[in-house]
Amino acid sequence: MEIRLQKYFTDCGVLSRRAAEAEIAAGHVKVNGGVAKVGDKIDPERDTVTWRGKAVEAQTERRIYVMLNKPRGYVTTMSDDRGRKCITELISDIDERIYPVGRLDMDSDGLLLLTNDGELANFLTHPRHEIPKIYHVKVKGKLTGNEIREIGKPIEIDGAETQPVRVTLVSTDRDSSTLEMTLYEGRNRQIRRMCEARGVEILRLCRIAIGDITLGNLAPGKWKYLTRSQVQYLKKGIKK
């Protein structure tokens, strides 16, 4: 039975339909050796599909959805040529090959999602998705209300202005403040750059939630499967 080429990508867990259409339009997809066009149909049983030179094959393994409490000192990659500790060391008891959804830099800790569901991963990393990422950021010094508001204002990153970020005060102690920052974008090292732009030194950066999904009592370095309802929550905005 023939299906549209972009649907085949989502069935294989590789790309969302929108992302697949963009790759097809850019000439990066071939069917049986010929460059494909948007709207092409294929027979998965007979046709060979390649994307950027690699075969796209039907999903045969079960879909896995995991949350990890990433400790500081680990890079969010599956391997590292510099010999740094990778998150693969923390999920080595998972048989299926899964990969991280987005990143937490090496000096940050907290909630990280991993999956082999390509469509969901692409949706959650798209800058227009509506599920916020929530961080607790401990910074040096007791900040005033005006200083906190300044941190949330847009800055330029890689030639484009960020969206405003909601920043609220969680707590203070003698020489530090803990802020809650809610992002819908997640640009490269965005929180660190926003604080740096205002002369604020970060002492700890921890992602505590992605929308309604929170770390709860999950210990650092440990992982657990998402519940069915949590997966449904993450998928609710995907356009079918």
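Our subject is the structure listed above.
Because the structure is a prediction, the values reported are computed rather than measured.

What counts, and at which threshold
Residues numbered from 1 in each chain as written. Predicted model: local features only at pLDDT ≥ 70, side-chain atom pairs only at ≥ 80, totals over all residues. Heavy atoms only, no water. Helix = DSSP H or I, 4+ residues; strand = E, 2+ residues; numbered from the N terminus. Buried < 20%, exposed > 50% of the residue type's maximum accessible area, 1.4 Å probe, protein only. Areas by Shrake-Rupley, 256 points an atom, 1.4 Å probe, with all protein chains shown as cover. Lys, Arg positive; Asp, Glu negative; His and termini not counted. Charge placed at Lys NZ, Arg CZ, Asp CG, Glu CD. Salt bridge = Lys/Arg side-chain N within 4 Å of Asp/Glu carboxyl O. Core = buried A, V, L, I, M, F, W, Y, C linked by side-chain atoms within 4.5 Å. Contact = heavy atoms within 4.5 Å. Pairing = 2+ DSSP bridges.

Visitor: Any chance you could break down the overall build of the protein chain for me, citing the residues and the numbers?
Guide: The helix and strand tally for the protein chain stands at 6 helices and 17 strands. Considering the protein chain as a whole, with its 240 residues, one finds that 44% of them fall into the buried category. Carbon and sulfur atoms make up 45% of the accessible area of the protein chain, which amounts to about 13,400 Å² in all. Of the charged side chains in the protein chain, 42 are positive and 34 negative; the average position of the first set lies 3 Å away from that of the second.

Visitor: Any details on the pattern of salt bridges? Residues and values, ideally.
Guide: Considering all chains together, one arrives at 15 salt bridges under this definition. The salt bridge involving R204 is made with D109; its shortest N-O contact spans 2.7 Å. A residue pair is termed long-range when its members are at least 10 positions apart, and R204 in strand β15 (residues 202-210) and D109 in strand β9 (residues 109-115) qualify at 95 residues. On the basis of relative accessibility, which here comes to 37%, the residue R204 falls in the partly exposed class. Of the charged contacts, one joins D117 and K235 as a salt bridge, the two residues approaching to 3.3 Å between their closest N and O atoms. Of this pair, D117 sits in the loop between β9 and α3 (118-125) while K235 sits in helix α6 (residues 228-235), and the two are 118 residues apart along the sequence.

Visitor: Which residues make up unusual backbone geometry, and what are the values?
Guide: A positive phi angle is found at N32, which is not glycine, with a value near 55°. One non-glycine residue, R52, adopts positive backbone phi at about 55°. One can find R52 in the loop between β5 (49-51) and β6 (54-55).

Visitor: Please provide a residue-by-residue account of the nonpolar core, values included.
Guide: Membership of the largest hydrophobic core comes to 31 residues, with the highest contact counts inside it found for L114, V137, I151, M181 and I191. Residue assignment for this core shows that the elements contributing at least two residues are β7 (65-70), β9, β10 (133-140), α4 (145-151), β14 (176-183), α5 (190-197) and β15. In this structure V137 touches S177, T178, L179, M181, I191, I202, R204 and L205, once residues within four positions along its chain are discounted. Residues L120, L124, Y233 and L234 belong to the second largest nonpolar core, which totals 19 residues.

Visitor: Can you tell me about the sheet that holds strand β3 (residues 34-35), naming the residues and giving the values?
Guide: One open sheet holds the 4 strands; their spatial order is β3-β2-β5-β6, and the pairing between them is antiparallel. Two strands bound the open sheet, and with one partner strand each, they are β3 and β6. Inspection of the sheet shows strand β2 (residues 29-31) paired to β3 by 2 bridges, in the antiparallel sense. Considered in β3, the bridge of K30 is made with V35.

Visitor: Provide a residue-level description of the pairing of β7, including the pertinent values.
Guide: The buried fraction of β7 is high, at 6 of 6 residues. As judged from the 6 bridges shared by β7 and β9, these two strands associate in the antiparallel manner. Residue pairing for β9: K70 is matched across the bridge by G110.

Taken by themselves, the reported measurements are silent on function.
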